[in-house]
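Listed here are the chains, written in short residue letters.
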Amino acid sequence: MFKRDLDLERSWAALTASLESLMGKKPKDLNGVLFLIGVQELGKGKRFFSKEEKQDLMHIGICKVLSLAGYYELEGLDQDGWPHWKMVKKLPHFDLLEQEKLLKLQVLEYFEKEFEWSFEKPPQSPDA
């Protein structure tokens with residue numbers, strides 16, 4: 001394993017541990033974290049979501065984190081307040097492992113930019 005891969009996994013473990021301390025439950029995997037980002041970006045608070053809405057929330061999370069690297073751009077909100085994104089730059093052709101690494105890196109960047117998260121300082125809850 002390369003040092004950068006090890007660093008990524010350490011940062012990821014620190015992030016999921018921080019999320020566990022904030023929420024009382026550790027996200028199961030990358031999809032769980034992307035779902036949380038989608039809920040945060042939707043901005044409608046904690047509520048019940050249908051299976052389809054959960055998939056849409058994961059898509060919102062993916063688009064948001066990839067927008068930080070210039071792949072997506074927010075088009076606007078629909079009549080129900082759900083964000084819609086458009087692809088502005090083609091994603092590189094990666095295998096599944098590389099796709100996961102890219103998403104994890106972008107998720108970490110999201111928490112660094114949006115919540116000023118670092119190893120020394122865990123993410124702050126939006127209410128803080």
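Structure: above.
These lines cover the structure that appears in this document, whether it is placed above or below. Everything numeric here is computed off the predicted structure, so don't read it as measured data.

Overview of the pattern of salt bridges
Right, on to step 1. What the rule picks out here adds up to eight salt bridges.
Right, on to step 2. When the shortest N-O distance is used, the salt bridge between Glu 73 and Lys 86 registers 3.7 Å. Placement of the pair is Glu 73 in strand S1 (residues 72-77) and Lys 86 in strand S2 (residues 83-87), with a sequence separation of 13 residues.
Right, on to step 3. Between Glu 98 and Lys 101 there is a salt bridge, and its shortest N-O distance comes to 3.4 Å. Taken together, the residues Glu 98 and Lys 101, both in helix H4 (residues 96-115) and three residues apart, mark about one turn of the helix.
Right, on to step 4. Within this structure, Asp 5, Glu 98 and Lys 101 form a network of salt bridges that share partners.

Here's the deal with the packing of helix H1 (residues 3-23) against helix H2 (residues 30-42)
Right, on to step 1. Following both chains from N to C, one finds H1 and H2 inclined at 55 degrees, their axes separated by 12 Å at the closest point. The angle between H1 and H2 places the two elements in the oblique class. H1 and H2 meet at a crossing whose hand is left-handed. From H1, Trp 12, Thr 16, Leu 19 and Met 23 reach across to H2, where they touch Leu 30, Val 33 and Leu 36.
Right, on to step 2. Looking at the contact of H1 with H2 residue by residue, the classes come out as six nonpolar, one polar and no charged.

A look at the packing of aromatic side chains
Right, on to step 1. One pass over the full model with this rule turns up four aromatic pairs.
Right, on to step 2. Arranged with centres 6.2 Å apart and planes meeting at 85 degrees, the rings of Phe 35 and Phe 49 form a pair that is edge-to-face. With Phe 35 in helix H2 and Phe 49 in the loop between H2 and helix H3 (51-67), this residue pair connects regions lying 14 residues apart in the sequence.
Right, on to step 3. Residue classification places Phe 35 among the partly exposed positions, given a relative accessible area of 22%.
Right, on to step 4. By relative accessible area, Phe 49 is classed as buried at 5%.
Right, on to step 5. Seen in terms of ring centroids, Tyr 110 and Phe 115 are 5.9 Å apart; in terms of plane orientation they differ by 70 degrees. Their pairing is edge-to-face. One exposure class covers both Tyr 110 and Phe 115, and it is buried.
Right, on to step 6. An aromatic cluster of three or more residues is present, and its members are Tyr 110, Phe 111 and Phe 115.
Right, on to step 7. Sitting over the face of the ring of Phe 2, Arg 4 holds its NZ or CZ atom 5.1 Å from the ring centroid.
Right, on to step 8. When the ring centre of Tyr 71 is taken as origin, the NZ or CZ atom of Lys 89, which lies over that ring, is 4.5 Å away.

Analysis parameters
Residues numbered from 1 in each chain as written. Predicted model: local features only at pLDDT ≥ 70, side-chain atom pairs only at ≥ 80, totals over all residues. Heavy atoms only, no water. Salt bridge = Lys/Arg side-chain N within 4 Å of Asp/Glu carboxyl O. Helix = DSSP H or I, 4+ residues; strand = E, 2+ residues; numbered from the N terminus. Axes fitted to C-alpha atoms, helices over the stretch in contact; angles between N-to-C directions. Parallel < 35°, antiparallel > 145°, perpendicular 65-115°, else oblique. Left-handed = near helix turned anticlockwise from the far one by under 90°. Contact = heavy atoms within 4.5 Å. Nonpolar A, V, L, I, M, F, W, Y, C, P; charged D, E, K, R; others polar. Phe/Tyr/Trp six-rings, centres within 6.5 Å; stacked < 30°, edge-to-face > 60°. Buried < 20%, exposed > 50% of the residue type's maximum accessible area, 1.4 Å probe, protein only. Lys NZ or Arg CZ within 6 Å of the ring centre and 35° of its normal.

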